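Read off the chains here:
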Amino acid sequence: MSRIVECVPNFSEGRQKEVIEAIATAIGSTAGCNLLDVDPGISTNRTVYTFVGSPESVVEGALNGARVAFQLIDMSRHSGEHPRLGALDVCPFIPVQGVDMLDCIECSKQFASRLTSELQVSVYLYGASATQEHRKTLPQIRAGEYEGLQEKLAKPEWAPDYGPAMLMPTWGATVTGARKVLIAYNVNLLATKEQAHRIALNIREQGRRDTEPGRLQNVQAIGWYLEEANIAQVSINLTDPDVTPLHSVYQECCNDAKELDLAVVGSQIVGLVPLAAMLETAEYYLQYENLFILEEDQKIRLVIDRLGLNSLGNFNPKERIIEYIVNEADEDGPLESMSVKDFVLTVAGRTPSPGGGSVSALVASLGASLSTMMGFLTYGNRKFSHLDSEMRLLIPQFYSAMKKLTPMVDADAAAFNRYMSAMKLPKSTEEELQFREKMMKETLMMCVKVPITVIKTVNNVWPALKKLAEIGNFSCKSDLQVGAKCMETGAWGAYQNIMTNVDSIQDDDIKAELWYITINR
């Protein structure tokens, strides 16, 4: 698995196109960095860059962007709606894949050390990298902003973590650290800046003061006016979307706006958003409006519509959702992506993989597909309208099984190929022999776990299949019969695949699971 870190530097320039593009070029041309998004704001006079890469690459990419900004941005002339401390205002590092928060803390410290060493600027650590509790959040560190920085630097408790305690007027100071995924989110209002800020004070965790906290945890917010769009915005940072999701923030803003007789005209996601946050919001509207949607792309479309994410520009999920960008090349396995003809010819080739395990997974997935089809041909049909509520319960089970079984086609082939590679490892020395034995055991476990997943998935959906056979659209009887036989055959093939390797298995937990499957098949 690749080690991927996301970096989201915010530079204090959103109006001069040549400066914005120069920084983007510096980041994007860094080896190992993939620049995903550049989001400038005229009123905020600020641009948010989003890029990913290995830990080493993103540190270098951030430094390259900072080097250009050091030459082209002058903070002594800067003004804008967004709070800021410096030319490179904040530079967070976020774990994405194959890394953890400790890796990102190390990234932030390496970045801070190299930035101050090269440019002699002041740097504060925040978030998971923070060294002191009173300066852990961005609002704490940004208090007083650039204009109050010289006075702040003179105080011992505000000495920077890296670099001199001295103001560089053209730069200001930079904040860097490690954090979880943050969603930058704005709710649009036909209102004044003051009215938007009033709503921000109501919802943000900090509230108005210590004695009057806001309603939503892990939410930072201010109100501002977006001159280029002629609207006000409640500008929000969701610092932990697992605690306070997108729909909660949007609905709270809508409720407050209604009390003030203000119109909400959509919302805006700045930069990128995690897929999980979009799907959680979709689930909220599905339940709230009693909707029935299974396809992921339709759920995303629902969220775009309900939150009005196209209000200030086209929201393209393929360009704005992190997982769709990072994992685009790995969306489907090589076998899953084949045409039917190519897959059949590949199975027929003079190689042992793909073999019975992959075919069993495919056959089982086709059985789940046929069951899903019968469910949909019953649901929404006026003749069977009295069954709609039951179909809403049954169809998702078949659909989920289909989505779970299909990747097993590639997983089985990959597990077998790894096992064959382990068998070919050298065994000339005792050390080589031990390593080969270790790898063979590990890969054998993978070979067994895939068919176990196939069997469990079929077993779990079987009660729903029996229910569908009792009440479903009878004109699809033969389709369901084929589907049932496909799932039964897929499970039988997976079981035979396991039994081929059972004598070589030494793991007690796997043996117990196999025993359970044997007596319950």
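Our subject is the structure listed above.
Once a new chain begins, its residue numbering starts again from 1 and follows that chain's sequence as written. Residue-level local features of this predicted model are given only where pLDDT is at least 70; pairs of side-chain atoms are given and counted only at 80 or more, and the full residue set underlies all totals for whole chains, interfaces and linings. Side-chain figures throughout are based on the complete set of non-hydrogen atoms in the structure, without hydrogens or water.

Residues Y185, V234, I236, L246 and M278 are the most contacted members of the largest nonpolar core, which totals 41 residues. The secondary structure listing takes helices from DSSP runs of H or I that are at least 4 residues long and strands from runs of E that are at least 2 residues long, numbered from the N terminus. Of all the secondary structure elements, the ones that give two or more residues to this core are β8 (183-190), α6 (193-203), β9 (219-226), β10 (231-238), α7 (246-259), α8 (275-288) and α9 (296-307). Core analysis: the next-biggest nonpolar cluster, separate from the first, contains 40 residues, F292, L405, A413 and V461 among them. Residues enter a nonpolar core if they are buried and are Ala, Val, Leu, Ile, Met, Phe, Trp, Tyr or Cys, with the set joined through side-chain atoms within 4.5 Å. Each residue is assigned to one of three classes by its accessible area relative to the maximum for its type, calculated with a 1.4 Å probe on protein chains only: buried under 20%, partly exposed between the two thresholds, exposed over 50%.

The subject of this paragraph is the pairing of strand β1 (residues 4-7). Neither face of β1 is exposed, since I4 and E6 on one face and V5 and C7 on the opposite face are all buried. Following DSSP output, two strands are said to pair if at least two bridges run between them. As paired elements, β1 and strand β5 (residues 88-97) share four bridges and run antiparallel to each other. Note on β5: the bridge partner recorded for I4 is Q97. As paired strands, β1 and strand β4 (residues 46-53) are joined by three bridges and run antiparallel to one another. Across the sheet, the residue bridging to C7 is F51, located in β4.

Glycine aside, negative phi is the norm for most residues, and most peptide bonds take the trans geometry. Geometrically, the link from S353 to P354 is a cis peptide bond, its omega value of 5 degrees lying close to zero. If you trace the backbone, P354 turns up in the loop between α12 (340-347) and α13 (356-378). Although it is not a glycine, N218 sits at a positive phi angle of roughly 55 degrees. By the element assignment, N218 lies in the loop between α6 and β9. Not every positive phi belongs to a glycine, and N290 is a case in point at roughly 55 degrees. Here N290 is to be found in the loop between α8 and α9.

Here the focus is the pairing of strand β7 (residues 173-178). Across the six residues that make up β7, a large majority, six, are buried. Residue alternation in β7 divides its side chains into two sets, A173, V175 and G177 and T174, T176 and A178, and both sets are buried. Pairing analysis gives four bridges linking β5 to β7, with the strands arranged parallel. Its bridge partner being in β7, P92 is matched across the sheet by G177. Judged from the six bridges that link them, strand β6 (residues 122-127) and β7 form a sheet pairing that is parallel.

Turning our attention to the sheet that holds strand β11 (residues 263-270). Ordered by their spatial adjacency, four strands build an open sheet running β9-β10-β8-β11, and the pairing between neighbours is antiparallel. Sheet topology places β9 and β11 at the edges, where each strand pairs with a single neighbour. Taken over all neighbouring pairs, the strand axes of this sheet differ in orientation by 20 degrees on average, direction set aside. Here seven bridges tie β8 to β10, and the two strands are oriented antiparallel to one another. A fitted line through C-alpha atoms serves as each axis, taken over the contacting stretch for helices, and the angle formed by two N-to-C directions is quoted from 0 to 180°.

Before going further, it helps to examine the pattern of salt bridges. A side-chain nitrogen of Lys or Arg and a carboxyl oxygen of Asp or Glu constitute a salt bridge if their distance falls within 4 Å. Under the definition given, this model contains 22 salt bridges. Between D89 and R46 there is a salt bridge, with the nearest N and O atoms lying 2.8 Å from each other. Within this pair, whereas D89 is found in strand β5, its partner R46 is found in strand β4, the two being separated by 43 residues in sequence. In this pair, the class of D89 matches that of R46, namely buried. Close ionic contact of K467 with E390 constitutes a salt bridge, the shortest N to O distance being 3.7 Å. Taken as a pair, K467 in helix α16 (residues 430-471) and E390 in helix α14 (residues 388-405) lie far apart in primary sequence, 77 residues in all.

The disulfide definition used here is simple: a pair of cysteine sulfur atoms within 2.5 Å. By the definition in use, this model includes zero disulfides. No disulfide involves C107; its sulfur sits 5.5 Å from that of C104, the nearest cysteine. The class for C107 is buried, based on a relative accessible area of 3%.

The next thing to look at is the packing of α13 against α16. Two numbers describe a pair of packed helices, the interaxial angle and the distance between the axes. Remark: α13 packs on α16, axes separated minimally by 11 Å, with the N-to-C direction vectors making an angle of 25 degrees. Comparing their axes, α16 and α13 come out roughly parallel. The interaxial crossing formed by α13 with α16 has left-handed handedness. Note on element contacts: α16 touches α13 through V454, V458, L465 and L468, opposite A361, A364, S371, M374 and G375. Polar here means any residue outside two lists: the nonpolar Ala, Val, Leu, Ile, Met, Phe, Trp, Tyr, Cys and Pro, and the charged Asp, Glu, Lys and Arg; Gly therefore counts as polar. Grouping the constituent residues of the contact of α13 with α16 by class yields seven nonpolar, two polar and no charged. By the definition adopted for this analysis, an angle is roughly parallel if under 35 degrees, roughly antiparallel if over 145, roughly perpendicular if from 65 to 115, and oblique otherwise. Definitions for this section: a left-handed crossing has its near helix turned counterclockwise from the far helix by less than a right angle. A right-handed crossing has that turn clockwise. Residue contacts are defined here by distance: any two heavy atoms, one from each residue, within 4.5 Å place the two residues in contact.

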